[in-house]
Amino acid sequence: MINRCLGDDDFLLDHLGPGFNLLHFSEKSEVETALQQRLAAFQDQGISLTLVHLPE
């Protein structure tokens, strides 16, 4: 994966966590409630999942 610059001193690979990473590209500055709930459900099952929200 290429380490893309997201802003001043802000790079994609700095946001990735262990396990699975969900890259969420959106025009909205907030993450939708339904997506937050689904993410929490996976995490409650012990699945290592990190949401990386990238507003456009």
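Residues numbered from 1 in each chain as written. Predicted model: local features only at pLDDT ≥ 70, side-chain atom pairs only at ≥ 80, totals over all residues. Heavy atoms only, no water.

Novice: Got a minute to help me understand unusual backbone geometry in this structure?
Specialist: Glycine aside, negative phi is the norm for most residues, and most peptide bonds take the trans geometry. Located in the positive-phi region is Asp9, a residue other than glycine, with phi close to 50 degrees. For Asp9, the position within the fold is in the loop between β1 (5-7) and β2 (10-11). (Helix = DSSP H or I, 4+ residues; strand = E, 2+ residues; numbered from the N terminus.)

Novice: What exactly am I supposed to notice about the confidence of the model for the protein chain here?
Specialist: The predicted coordinates ought not to be read in detail in places where the model reports low pLDDT. On average, residues of the protein chain carry a pLDDT of 91, and 100% of them reach 70 or more. Per-element confidence in the protein chain is highest for helix α1 (residues 33-44), whose mean pLDDT is 95, and lowest for β1, whose mean pLDDT is 90. (pLDDT = per-residue confidence, 0-100.)

Novice: How should I be thinking about the side chain of His24 in this particular structure?
Specialist: Note on placement: His24 falls in strand β3 (residues 20-26). When its relative accessible area of 12% is taken as the criterion, His24 is described as buried. There is a polar contact of 2.8 Å between the side chain of His24 and the side chain of His53. Ignoring any residue separated from it by four or fewer positions in sequence, one finds His24 in contact with Val31, Glu32, Leu35, Leu51, Val52, His53 and Leu54. (Buried < 20%, exposed > 50% of the residue type's maximum accessible area, 1.4 Å probe, protein only. Polar contact = N/O pair within 3.5 Å; in protein donor to acceptor, adjacent residues only side chain to side chain. Contact = heavy atoms within 4.5 Å.)

Novice: Would you explain the pairing of β3 in this entry?
Specialist: Taken residue by residue, a regular strand's side chains alternate between the two faces of the sheet. Across seven bridges, the pairing between β3 and strand β4 (residues 49-55) is parallel. Within the sheet, the bridge partner assigned to Asn21 lies in β4 and is Thr50. One crossover worth recording links β3 to the parallel β4 by way of α1, and it is right-handed. (Pairing = 2+ DSSP bridges. Right-handed = clockwise from strand over helix to strand, strands pointing away.)

Novice: For this particular structure, what's the right way to read the environment of Leu23?
Specialist: Position of Leu23 relative to the elements: it lies in strand β3. Its relative accessible area of 31% is what places Leu23 among the partly exposed residues. Spatially, the C-alpha atom of Leu23 lies 7.1 Å from that of Leu54, the residues being 31 residues apart in sequence. Those residues in contact with Leu23 that lie beyond four places of it in its chain are Leu12, Leu16 and Val52.

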